[in-house]
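Tertiary structure, described
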Amino acid sequence: MFKFIELPNSELAKISRIRRQSPTDTLQIHNLIGGEESQDLSFPHATFTLGLDELKNIKSPVPHRTGTRVIETSSSKFNFIYDLNNTAEGSEPQMYQDKLFVKSYETAFKTILNQDTENQSIQVRTLRIPALHIDALWLHDAKSPAKDKFVPVRSQGLFNNNSFYNRKDFFSILKRTAIDYNIDDDLMGG
């Protein structure tokens, strides 16, 4: 079983303001693991971010919590993705409508939800590396972080999307890519 986070009503209100539906519609959070059929917000999970400098210069980079991601679902499919990005003034909502991006998340979630897990402490997270255009679902094992797994959703060809990577292999590929990216950037005069 996977753990998702609680989303306060104040955060739901921010999403409600940018949703494309009637303002009288009510919002509910469901984890849809039981297969419910309705149009709701589902799978609320934390988002984390890493920068190129951290990947390049730190032996064991630690991602920074940058917000929360929520999926709008209906008829067992993903419609939209909402991010509540942390800012100095609170969270700021953002909506993703790109059908390919949303479909990629749907496929990745199907991949992880079809896995048997005897460990009850696995937290679903998203890890983003914006400079490399990488998003991955991060299955964080709170009892043993060395057992974390990553499922790339968007990876610009660096990974096989919807495949599981252990922590060591995942960060090794990211580190090499960050170093190569900086070399190319320096050669271009950036």
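Note that the structure is predicted; figures quoted are calculated from it, not measured.

Some points on the environment of P63
Inspection of the secondary structure puts P63 in the loop between α2 (52–57) and β4 (64–74). Distance from P63 to T47, taken between C-alpha atoms, is 9.3 Å for residues 16 residues apart in sequence. Leaving out residues up to four positions away in the same chain, P63 has contacts with F48, T49, L50, L127 and W138.

Remarks on the pattern of salt bridges
Taken as a whole and assessed by the stated rule, the structure comprises seven salt bridges. One salt bridge in this structure joins R69 and D83, with 2.6 Å as the shortest N-O distance. Of this pair, R69 sits in strand β4 while D83 sits in strand β5 (residues 77–87); the two residues are 14 residues apart in sequence, bridging distant segments of the chain. With respect to burial, R69 and D83 carry one shared label: buried. Each of R69, D83, D135 and R154 takes part in one network of salt bridges that share partners.

Focus: the confidence of the model for the protein chain
The predicted coordinates ought not to be read in detail in places where the model reports low pLDDT. In the predicted model, the protein chain carries a mean pLDDT of 83, and 82% of its residues have values of at least 70. Looking over the protein chain, one finds the lowest element-wise mean pLDDT in strand β2 (residues 29–30), namely 48, and the highest in strand β10 (residues 165–166), namely 96. Low pLDDT, under 50, characterises residues 22–38; the predicted model gives this stretch 33 contacts beyond four residues in sequence or across chains.

Details of the pairing of strand β8 (residues 134–141)
Look at any regular strand and the pattern is simple: side chains alternate between the two faces of the sheet. Burial analysis of β8 places eight of its eight residues in the buried class, which makes it a mostly covered element. Burial along β8 is two-sided: I134, A136, W138 and H140 facing one way and D135, L137, L139 and D141 facing the other are all buried. Linking strand β7 (residues 122–129) to β8, which pair antiparallel, is a turn of four residues; within it H133 sits at a positive phi near 55°. Note: β8 against strand β9 (residues 149–154), five bridges, orientation antiparallel. Bridge pairing links L139 to K149 in β9.

Cut-off values and rules
Residue numbers run consecutively from 1 along every chain, following the written order of its sequence. Confidence filtering applies because this is a predicted model: local features only for residues at pLDDT of at least 70, side-chain atom pairs given and counted only at 80 or more, and all residues used for totals across whole chains, interfaces and linings. Excluding hydrogens and water, the side-chain values take into account all heavy atoms of the structure. The helix and strand labels rest on DSSP assignments: H or I over at least four residues marks a helix, E over at least two residues marks a strand, and numbering proceeds from the N terminus. Should any heavy atoms of two residues lie within 4.5 Å, those residues are considered in contact. Whenever Lys or Arg places a side-chain nitrogen within 4 Å of a carboxyl oxygen from Asp or Glu, that contact is recorded as a salt bridge. Three labels apply to residues, based on accessible area from a 1.4 Å probe with only protein chains included: buried if under 20% of the type maximum, exposed if over 50%, partly exposed otherwise in between. Think of pLDDT as the predictor's per-residue confidence, scored from 0 to 100. In this analysis, strands are considered paired if DSSP registers two or more bridges between them.

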